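# Results of the structural survey
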Amino acid sequence: MASPQLIRRFTDAALSSDPDLAGAALLIAHVDYPELDAPRYVALLDFLGDEARRRLAVAEAPADTPHDADPRIYAKIAALNEFLFDDMGFAGNETDYEDPRNSFLNEVLDRRTGIPITLSLVYMEVARRAGLAVEGVNFPGHFLLRCRTERTLPYAEDLIIDPFHRGALRSRETLARQSGDDRLPVATKPQILTRMLT
């Protein structure tokens, strides 16, 4: 049971002009983990972000860079994917998707597994700390991410990322066929937190 003080702290965080996603997600976790050491998990995200920043700074576009991708952005996403999913071992929990621990940021960071929304939050927070802007996408039934391309490259498409499947890139055409809608609406931070709660 959440205390009135915890509810007030979460409400203030979620409704601020620029919510701190990690901080608010850790407040959600406080409901089940009242002794949670939130600063330890923020420090872990900082550590991951610092390491990711170093790797992204020297990232080079791999040979399999798609023809319609911005090579600089693609190189950074490929480097971030390698770091988070290959080196750090984050993965979607396909064997026990309904495990409640998949929804708590502290457990996802400890166990390196989760559901799309929590893995996306980890990805966004690490990317932000590494200097790479990644935004949430409110795709029906499966939360995704988008890294926008430089608009100076008219041929380049935004990259749509699926953190639940090890950072796999999804095509807009495939997603449009699945949803019946070619729009990929941005998920605001309050919407992300609401989706986490539900």
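Residues numbered from 1 in each chain as written. Predicted model: local features only at pLDDT ≥ 70, side-chain atom pairs only at ≥ 80, totals over all residues. Heavy atoms only, no water.

## Considerations on the pattern of salt bridges
How we decide: Any Lys or Arg side-chain nitrogen located within 4 Å of an Asp or Glu carboxyl oxygen qualifies as a salt bridge. A helix here means a DSSP run of H or I that spans at least four residues, while a strand means a run of E at least two residues long, and both kinds are numbered starting from the N terminus. Relative accessible area decides the class of each residue, using a 1.4 Å probe on protein chains only: under 20% of the type maximum gives buried, over 50% gives exposed, and in between gives partly exposed.
Following the criterion strictly, the structure yields 15 salt bridges and no others. We note a salt bridge from Arg128 to Glu125, for which the minimum N-O separation is 3.0 Å. Taken together, the residues span about one helical turn, with Arg128 and Glu125 both in helix H6 (residues 116–129) at a distance of three residues. Relative accessible area serves as the criterion here: at 47%, Arg128 is assigned to the partly exposed category.

## Some remarks on the packing of helix H4 (residues 71–87) against H6
Condition: For every element, the axis is a line fit to its C-alpha atoms; helices are fit only across the contacting stretch, and the angle between N-to-C directions ranges from 0 to 180 degrees. Roughly parallel here means an angle under 35 degrees, roughly antiparallel means over 145, roughly perpendicular means 65 to 115, and every remaining angle is called oblique. Handedness of a helix crossing follows the sense of rotation of the near helix relative to the far helix, less than a right angle counterclockwise being left-handed and clockwise being right-handed. Contacts between residues were defined by any pair of non-hydrogen atoms, one from each residue, lying within 4.5 Å. Polar here means any residue outside two lists: the nonpolar Ala, Val, Leu, Ile, Met, Phe, Trp, Tyr, Cys and Pro, and the charged Asp, Glu, Lys and Arg; Gly therefore counts as polar.
For the pair H4 and H6, the least separation of the axes is 11 Å and the interaxial angle reads 120°. On the basis of the axis angle, H4 is oblique to H6. The element H4 and its partner H6 pack so that their crossing is right-handed. The segment H4 lies against H6, with Ile77, Leu80, Asn81, Leu84 and Phe85 engaging Tyr123, Val126 and Ala127. Taken together, the residues of the contact of H4 with H6 break down into seven nonpolar, one polar and no charged.

## Section: the packing of aromatic side chains
For clarity, the cut-off: Two aromatic rings from Phe, Tyr or Trp, using only the six-membered ring of Trp, form a pair when their centres are within 6.5 Å; if the ring planes differ by under 30 degrees the pair is stacked, by over 60 it is edge-to-face, and anything between is tilted.
Going through the model one piece at a time under the given rule, you end up with three aromatic pairs. A ring pair is formed by Tyr33 and Phe104, whose centres lie 5.5 Å apart and whose planes are at 80°; its orientation type is edge-to-face. Separated by 71 residues along the polypeptide, Tyr33 in the loop between helix H2 (21–29) and helix H3 (38–57) and Phe104 in the loop between strand S1 (91–92) and helix H5 (105–111) bring together distant segments of the chain. Judged by relative accessible area, Phe104 falls into the buried class, the value being 11%. Both rings, one in Tyr97 and one in Phe164, keep their centres 5.6 Å apart while their planes meet at 70°; by these two values the pair is edge-to-face. Taken together, the residues span a long stretch of sequence, with Tyr97 in the loop between S1 and H5 and Phe164 in the loop between strand S5 (159–162) and strand S6 (168–170) at a distance of 67 residues. Judged by relative accessible area, Tyr97 falls into the partly exposed class, the value being 35%. Judged by relative accessible area, which is 6%, Phe164 ranks as buried.

Distances and angles like these do not, on their own, reveal function.
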